Amino acid sequence: MNEQEISQGCLKGNREAQRELYSRCAGAMLSVGMRYLADRETAEDVLHDVFIGVFTHFDKFTYRGEGSLMAWMKRVMVNASLDYLRRRTPFETVEVEKVKDEVEIDPSDVETVPTDVIMRFISELPDGYRTVFNLFTFEEKSHREIAEMLGINEKSSSSQLSRAKTLLQKKIKEYLNLQA
Amino acid sequence: MDKHNDKWAESFRRKLDSAEVKPSEELWARIEADLPPVERRRFPVILRRLTVAAASAAAVFALVWSVRPDKETSPAGTPAASGVGAEPALVAGAADVAKEMEEVPAEAVARPQAVTASQLLATTERVAAVSAVEKSAEVAEVQPVAVAEAPVAVADVAVAEQPADTVGAVAGTMTEKVARVREFMAVAPERESRATQTAYTSVRDEDEHTSRWHIALAADSRLGEGTSGSVNGFMPLSYKDAAHEPALTASSLFADDYDLMYIKMNAENIDSHTQTDEVVSFPINYSASVRYMINDRWGVNLGVSYARVTTERRSGSDQNFYVSKAKMHYVGVPVSVSYTFYDSRYLTLYAIAGGSVEKCVSGKQVDSLNIGQESASKENAGFEIDKPWQFALNAGAGVQFNITRRYGLFAEPQLVCDLSDDGSNQTTFKRRDDLSFQLAVGIRVNW
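For clarity, every value in this text was computed on a predicted model and none was experimentally measured.

Description of the overall build of chain B
Here is step 1: Assigned secondary structure in chain B consists of 14 helices and eleven strands.
Here is step 2: Sorting the 447 residues of chain B into buried and exposed places 32% on the buried side.
Here is step 3: Within chain B, contacts between residues at least 6 apart in sequence are counted, and of these 71% link residues at least 24 apart.

A few points about the overall build of chain A
Here is step 1: On a plain count of helices and strands, chain A comes out with nine helices and zero strands.
Here is step 2: Here chain A holds 180 residues, and the buried ones make up 42% of them.
Here is step 3: Long-range contacts, defined as pairs at least 24 residues apart, comprise 70% of the intrachain contacts of chain A with a sequence gap of at least 6.

Some words on the packing of helix α7 (residues 127-137) of chain A against helix α9 (residues 154-179) of chain A
Residue and element names in this part refer to chain A.
Here is step 1: Running from N to C, α7 and α9 cross one another at 95°; their axes reach a closest spacing of 8 Å. Between α7 and α9, the crossing angle belongs to the class labelled roughly perpendicular. The residues of α9 that touch α7, namely those facing Gly128, Tyr129, Arg130, Val132, Phe133 and Phe136, are Ser157, Gln160, Leu161, Arg163, Ala164 and Leu167.
Here is step 2: Taken together, the residues of the contact of α7 with α9 sort by class into seven nonpolar, three polar and two charged.

Overview of the interface of chain B and chain A
Accessible area lost upon the coming together of the parts serves often as the stated size of an interface.
Here is step 1: Listed per partner, the contact involves 40 residues of chain B and 43 residues of chain A.
Here is step 2: Elements with a contribution of two residues or more to the side of chain B that touches chain A: α1 (3-16), α2 (27-34), α13 (250-253) and α14 (257-268) of chain B.
Here is step 3: Looking at the side of chain B that touches chain A element by element, the count peaks at nine residues for α1 of chain B.
Here is step 4: Split by residue class, the side of chain B that touches chain A holds 19 nonpolar, nine polar and twelve charged.

Quick look at the pairing of strand β10 (residues 407-418) of chain B
The two faces of a sheet get side chains in turn, since along a regular strand they alternate between them.
Residues and elements named next belong to chain B.
Here is step 1: Sheet topology note: the strand β9 (residues 389-402)/β10 ladder contains nine bridges and is antiparallel. The residue of β10 that forms the bridge with Gln400 is Phe410.
Here is step 2: Counting the residues in the hairpin turn of β9 and β10 gives four residues.

A short note on α14 of chain B
Here is step 1: Look at α14 of chain B: 16 Å from first C-alpha to last across twelve residues, which is about the 16 Å you get at 1.5 Å a residue.
Here is step 2: For α14 of chain B, every residue scored as buried is listed here: Asp259, Met261, Tyr262, Ile263, Met265 and Asn266 of chain B.

What to know about the pairing of strand β8 (residues 374-379) of chain B
Residues and elements named next belong to chain B.
Here is step 1: Here strand β7 (residues 347-371) pairs with β8 via six bridges, running antiparallel. When the sheet's bridge partners are listed, Asn370 is paired in β8 with Ser375.
Here is step 2: Hairpin geometry of β7 and β8 is characterised by an intervening segment of two residues between the two adjacent antiparallel strands and by a positive phi of about 60° at Gly372.

Quick notes on the nonpolar core
Here is step 1: With 32 residues, the main nonpolar core has Met29, Leu47, Val50, Phe51, Met73 and Met77 of chain A as its most contacted residues.
Here is step 2: Elements that contribute at least two residues to this core include exactly α1 (3-11), α2 (15-37), α3 (40-56) and α4 (68-88) of chain A.
Here is step 3: It is α2 of chain A that contributes the most residues to this core, eleven residues altogether.
Here is step 4: What Met77 of chain A contacts, discounting residues up to four positions off in sequence, is Met29, Val32, Gly33, Leu47 and Val50 of chain A.
Here is step 5: The next biggest cluster of nonpolar side chains, apart from the first, holds 19 residues, and it includes Ile118, Tyr129 and Ala164 of chain A together with Ala9 of chain B.

Observations regarding unusual backbone geometry
All names here are of chain A.
Here is step 1: In this model, Ala38 sits at a positive phi of 70°, which is unusual for a non-glycine residue.
Here is step 2: Positionally, Ala38 belongs in the loop between α2 and α3.
Here is step 3: Accessibility expressed as a C-beta count within 10 Å gives 19 for Ala38, which makes it partly exposed.

Side note on the packing of α7 of chain A against helix α8 (residues 143-150) of chain A
Residues and elements named next belong to chain A.
Here is step 1: In the contact formed by α7 and α8, the axes pass within 10 Å of each other and the chain directions differ by 135°. Judged by the inter-axis angle, α7 sits oblique to α8. Handedness of the crossing formed by α7 with α8: right-handed. Where α7 abuts α8, its residues Thr131, Val132, Leu135 and Phe136 lie against Ile146, Met149 and Leu150.

A word on the confidence of the model for chain B
Residue and element names in this part refer to chain B.
Here is step 1: For chain B, per-residue confidence averages 67 on the pLDDT scale, and residues scoring 70 or more make up 50% of the total.
Here is step 2: Within the model, pLDDT remains below 50 along residues 136-175, and this stretch shows 57 contacts once partners closer than five positions in the same chain are excluded.
Here is step 3: Confidence over residues 177-209 falls short of pLDDT 50; this stretch has 57 contacts with residues more than four positions distant or in other chains.
Here is step 4: For this predicted complex, the interface confidence reaches an ipTM of 0.85, while the overall pTM sits at 0.40.

What about the environment of Tyr22 of chain A?
Here is step 1: By secondary structure assignment, the location of Tyr22 of chain A is in helix α2.
Here is step 2: Using a count of 22 C-beta atoms within 10 Å as the deciding quantity, one classes Tyr22 of chain A as buried.
Here is step 3: Sequence-wise, Tyr22 of chain A and Phe51 of chain A are 29 residues apart; in three dimensions their C-alpha atoms are separated by 7.9 Å.
Here is step 4: Setting aside residues no more than four positions away along its own chain, Tyr22 of chain A makes contact with Phe51 of chain A together with Trp28 and Ile31 of chain B.

Some remarks on α1 of chain A
An α-helix turns once every 3.6 residues. As a result, residues three or four positions apart point the same way.
Residues and elements named next belong to chain A.
Here is step 1: Buried within α1 we find Glu3, Ile6, Ser7 and Cys10. Down the axis of α1, the buried set is contained in an arc of 100°. They therefore lie on one face.
Here is step 2: Here the buried face of α1 lies against α2, α3 and α4.
Here is step 3: Among the residues trailing α1, Gly13 stands out with phi positive, at a value near 80°.

Notes on the confidence of the model for chain A
Low pLDDT means the predicted coordinates in that region are not meant to be read closely.
Here is step 1: For chain A, mean pLDDT is 86; residues scoring 70 or higher make up 91% of the total.
Here is step 2: Ranking the elements of chain A by mean pLDDT puts helix α5 (residues 107-112) of chain A last, at 80, and α2 of chain A first, at 94.

Topic: the environment of Gly151 of chain A
Residue and element names in this part refer to chain A.
Here is step 1: One can find Gly151 in the loop between α8 and α9.
Here is step 2: Given 16 C-beta atoms within a 10 Å radius, Gly151 is considered partly exposed.
Here is step 3: For the pair formed by Gly151 and Arg86, sequence separation is 65 residues and the distance between their alpha carbons is 9.8 Å.

Thoughts on the environment of Asp106 of chain A
Residues and elements named next belong to chain A.
Here is step 1: Tracing the backbone shows Asp106 in the loop between α4 and α5.
Here is step 2: Assessed through the 16 C-beta atoms surrounding it within 10 Å, Asp106 is described here as partly exposed.
Here is step 3: For the pair Asp106 and Lys173, spaced 67 residues apart in sequence, the C-alpha to C-alpha distance is 9.8 Å.

Reading guide: rules and limits
Residues numbered from 1 in each chain as written. Chains lettered and ligands numbered in written order. Predicted model: local features only at pLDDT ≥ 70, side-chain atom pairs only at ≥ 80, totals over all residues. Helix = DSSP H or I, 4+ residues; strand = E, 2+ residues; numbered from the N terminus. Buried ≥ 20, exposed ≤ 12 C-beta atoms within 10 Å, placed from the backbone. Contact = placed C-beta atoms within 7 Å. Axes fitted to C-alpha atoms, helices over the stretch in contact; angles between N-to-C directions. Parallel < 35°, antiparallel > 145°, perpendicular 65-115°, else oblique. Nonpolar A, V, L, I, M, F, W, Y, C, P; charged D, E, K, R; others polar. Pairing = 2+ DSSP bridges. Expected span 1.5 Å × (residues − 1). Core = buried A, V, L, I, M, F, W, Y, C linked by C-beta atoms within 7 Å. Left-handed = near helix turned anticlockwise from the far one by under 90°. pLDDT = per-residue confidence, 0-100. Arc of directions from axis to C-beta.

Below, the structure written as structure tokens:
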């Protein structure tokens, strides 16, 4: 089945099409969820709710070409994860004065670290840092957009991103040093 | 933006954008178990229900056709369900005739039996009086209403206009009839009253026959419905599947300003006291129905009904809240049978039982968000309002005050049992409680 056939099947409530959609998207969506929520069990709970909601609201999706369905599913998972985080705790703010100067970072270091290790490092970040990092890095939101979404100010968004980067780079360097 | 940082972010994107984590084996089973059952195509369901309704209507009409009364065997003396008052009219006419029957007590005159065959045989005047009544009966074939509503006048005129020299001719004709009556008496004395009442009951039968159809207009309300309530806490805007709303708010599916405002409202209320207030209207059902009287006791009712149900909910804090208003329109077909156990000139008492099928034909829900000075609203919030079929059974009693022989006011208290499953599929409210008490009032016209 291609994405269009899956879309049409899911719109009709066809179980086979729904299963196929799950098979294709669940892994990527769970990865997105774990990046935001840090906990696998929580991410699976949210994933479960997302699929239930998607299958019962599938008329909200408009097919726009191959890949649009996956992109939409990931976006839904991001929003669901943010909703979960928002309900759980208010996003912390970081005073500008507490942020150190940015650390020297080498992009190539990221390439050498296994994916699951990178995921673990991200999950170890505090909720606020991790959320801003994900929105900036993977959703490519601006600080202004992030501030509006999370109900914080732009400077706080920028500060948390810097702090997140610093912590991640530190963990990557420590990991590489251990491997070496 | 710093190019170095861009490359750093790009490296993470390349690393994790296509990353996948395999879900637990049982996750799909959990999802599948919680999915609503696959809806069968609506058309066959509707077709099945229409078939059942058509079969029921056909059965009702077959019943009506099979038990339609024979005029000759119609029991005399039973009160007419229409309460037209044919009996009182004949009582008045018979009372005039019986004035000359010195031996007939007044009470007996009040009923047609008072004019018995033996009394018919007694005097020529009485025979002439019977002829006058029969003549009025012939008149009633053409103008039954006139006979019913002015029986005294007709009888009086008929008697007054009877020329003296034709009495003999009339008496001769009457002799044949009287002889027939005597014959009946010889064969079956116990049938005397019925035989002599033939001259009278034929008139009443004509009246009864023209009052088989009744049209009613009514309004009813489920007593006890239309409640208001408040609970602490915030109630999220629910769409089709309220159970999974916490993970899927509007922001999950849309990206417009309204949805961002909903997210902001929730964020603003994180540490605020929230409350949910709900007001459900008193839905009033309007109906028009037709009743066909199979006989003097049993009747079949068929009608159409309309109801509008509205509800309003406010949820959130004092500063940040939403107001959700929903309005739904129902059209229905009520069907029932009635049994009249008492009928008089002014009062009719009956029992009624049946059912109804209703369909929500139109619905609208408007959700308005308020955050301080900001506000936004959305109609139906992008989802399809459920328009379910509703089924119910009802049983109760009816009391009708007969203003005239044609018009009456009625009240029908009934118990209504809702057969629909409207718990999980409603957007904001239930159509009715599973068991409720209903009072219908209206006007009935005998056609």
